[in-house]
Amino acid sequence: MMKIKILDGVNTIGGNKILVSEYGENYLLDFGMNFNLYKKYFEEFMKERSRRGIYDLWKLNLIPRYNIYRKDLIPSDLVNEINGYENPKINGIFISHGHLDHTGNIALLDENIPVLGTPETMLILKSLSDISKGGMGMEIPFFNVRKREDYILKSGDEINSRDIYLSEKISDKTYDFLSQKFVKKKDVNSGIISDIDGFNSRLEMNIIKVDHSIYGSSGIFIKGDISIAYTGDFRLHGKYSSYSYDFINRVRDAEILIVEGTRISRENDENLSEDDVYRNALSIAQDTKNLIIADFSSRNFERLETFKRIAEKTSRNLIVTKKDAFSLYALDTYKNENILKDLMIYDEKSTRTENWERFLDDNINNELLSPLEIRKNQEKYILCFSFYDLNELLDIEPLEKSSYIYSSSEAFGEEDYFSFDRLLNWLEFFKLDVYGIKRTENGIDFPKGLHASGHVSGNDLFKVIENIDPERIIPVHTTNPEWFRKNFPEKAILPEIQKEYSF
Ligand SMILES: [Zn+2]
């Protein structure tokens, strides 16, 4: 008998945490950060206190109440309380893709739980972890083992890694990157890195790629006495839609479908393609006299390609940040397409060179550009910056007739949450011509045309479900579960949080 519990992420976008049990084995499908819950209490400078481990998140009910968390993140005054909760042995956690609303709480999980996913997703998470400054949410796969001192948790000298099982075999270069520690600590315990064949389970499990706005996205098909398919986030209108169609074909036997429904609440929702984005952004670029700033996630490869093409067409050079270059290097160990070719790198002078930066310097030979050089020749560049880089513009001093093209994820933020109001304040300060985001009377609006959604439209979703034809449908990652009840009245189960469903 297959049991499914949705631990979090019901009637909201993001925070997916799904528990699937069969044959005495338990699997988590994603374990993301629930932005909407976090936002109730936290912001940039008001965060969980890492010296208290998971204490704040537990007390504020921001993570599910199970005894499944890393032992070294449980402070002494929480041990008894947590021990009173259910502790299912989790055999593995499947990561559908590298967006924080699907991955943000994984690092908090018990260190013995291995992660399962595509090599690309693991490379993205590993590179983000290397460049982050030790936030406990980012520690995948390596983590610093905290030491208890009274009720406080301190960083120790020991680095551990959880085990990784990948959907396919990987090259030595990818292996080396995934096992490379960019920290100098006394003891480092590396975990197992293997392909999925090395993973021991009575269930049949297939990780299948889908198309979404971040590279390496996937869904999963799990077959025991009955079978389930989980889509993660996906779309049919992207450049790699063949992945999504392949997924649909391969899960057609699934009896249970756990599916996203991000876009079904939106009205007049037409599919915009990446080619539309190219054309619209190109025409802005052609009309821009001075600097162009493009705001998008470099982990959205299609978008990076789009701006590469625009740079070529307008005889400009595309400049990425060092952090983006590092992630691109990581992905290229897998992709082998020389992704970094022709890109310039923004030379952000830091007071201290981190180990990952040293590694990057040793391994690539792209041209570095200082803000002062960009200041002198603004008409020559497209700069890939986002909100967190905008203070660098104080050095660059964009001239009049410079453009800011907001070409990023939808407003609810799959990768970060900050104040769009503050973003606009910066852009207004620099007097930039802004596209893709604007103030309105009631707040902030995202004029269409500069972002192709990562999510399937309502019309496409209806066809997908008809095509897979499951017996039961469990919607997640949606604010409109009623749509499923309306369209598939016999099949839809509108899940209640933490309730167990048996099949
Ligand atoms: Zn996503």
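Since the structure is predicted, the reported quantities are computational estimates derived from the model, not experimental observations. (Residues numbered from 1 in each chain as written. Predicted model: local features only at pLDDT ≥ 70, side-chain atom pairs only at ≥ 80, totals over all residues. Heavy atoms only, no water.)

Observations regarding the sheet that holds strand β9 (residues 187-189)
Formally: Note on pairing: two strands pair once DSSP finds at least 2 bridges between them. The helix and strand labels rest on DSSP assignments: H or I over at least four residues marks a helix, E over at least two residues marks a strand, and numbering proceeds from the N terminus. Lines are fitted to the C-alpha atoms to define the axes, a helix being fitted only along its stretch in contact, and any angle between axes, read from their N-to-C directions, falls within 0 to 180 degrees.
On the basis of which strands lie adjacent, the open sheet formed by three strands has the order β6-β7-β9 and mixed pairing. Each edge of the open sheet carries a strand with a single partner, namely β6 (142-149) and β9. Strand-to-strand twist of the sheet, defined as the mean angle between neighbouring strand axes without regard to direction, takes the value 45°. Inspection of the sheet shows strand β7 (residues 152-161) paired to β9 by three bridges, in the parallel sense.

Concerning the nonpolar core
Selection rule: Remark: nonpolar core denotes a set of buried residues (Ala, Val, Leu, Ile, Met, Phe, Trp, Tyr, Cys) joined through side-chain atoms within 4.5 Å. Exposure categories follow from relative accessible area, calculated using a 1.4 Å probe and restricted to protein chains: below 20% of the type maximum is buried, above 50% is exposed, and the middle band is partly exposed. Domain extents, as shown, originate in an automatic or database domain assignment. Contacts are residue-level and defined by heavy atoms, with any inter-residue pair within 4.5 Å sufficient.
Core analysis: the largest hydrophobic core is formed by 79 residues, its most contacted members being F31, I54, Y69, I93 and F307. Two domains each donate at least three residues to this core, and these are domain 1 (3-265 + 454-502) and domain 2 (274-445). The contact partners of I93, leaving out residues within four places of it in the chain, are L28, D30, F31, I106, L109, I113, P114, V115 and L116. By size, the runner-up hydrophobic cluster in this structure holds 26 residues, among which are I4, L116, I220 and I256.

A short note on the domain arrangement of the protein
Applicable threshold: Put simply, buried area is how much 1.4 Å-probe accessible surface two parts lose in total, over both of them, once they are put together. Salt bridges, as used here, are contacts in which a Lys or Arg side-chain nitrogen is within 4 Å of a carboxyl oxygen on Asp or Glu. Here a polar contact is recorded for every N or O atom pair within 3.5 Å, except that within protein the pair must consist of a potential hydrogen donor and a potential acceptor, and residues adjacent in sequence are included only if both atoms are side-chain atoms.
Segmentation of the protein into domains returns domain 1 (3-265 + 454-502) and domain 2 (274-445). Between the C-alpha centres of domain 1 and domain 2 there is a distance of 29 Å. Taking both partners together, domain 1 and domain 2 bury about 3,100 Å²; carbon and sulfur atoms supply 60% of that area. Summed over the three residues of domain 1 that lose the most area to domain 2, namely I131, F182 and Y215, the buried surface amounts to 21% of that side. Linking domain 1 with domain 2 are one salt bridge, by the criterion used here. R235 is the partner of E302 in a salt bridge, and the nearest nitrogen-oxygen pair spans 2.6 Å. In this structure, the connection of domain 1 to domain 2 is made through ten residue pairs in polar contact (both at pLDDT 80 or more). Ranked by the residues each element gives to the side of domain 1 that touches domain 2, the list is headed by helix α5 (residues 119-131), at eight residues.

Some remarks on helix α10 (residues 322-335)
The cut-off we apply is this: A helix is expected to span 1.5 Å multiplied by its residue count minus one.
Between its first and last C-alpha, α10 extends 19 Å over 14 residues, near the 20 Å set by a 1.5 Å rise per residue. With twelve of 14 residues buried, α10 lies mostly within the body of the structure. Within α10, burial applies to K322, D324, A325, F326, S327, L328, Y329, A330, L331, D332, T333 and K335. Of the residues trailing α10, N336 is marked for its positive phi of about 55°.

So, the environment of T321
With respect to the helices, strands and loops of the structure, T321 is situated in the loop between β16 (317-320) and α10. Among the residues examined, T321 registers a relative accessible area of 6% and is labelled buried. Each C-alpha atom, one on T321 and one on V476, is 34 Å from the other, the two residues being 155 residues apart in sequence. Every residue in contact with T321, bar those within four places of it in the chain, is listed here: I345, Y346, C384, F385 and D389.

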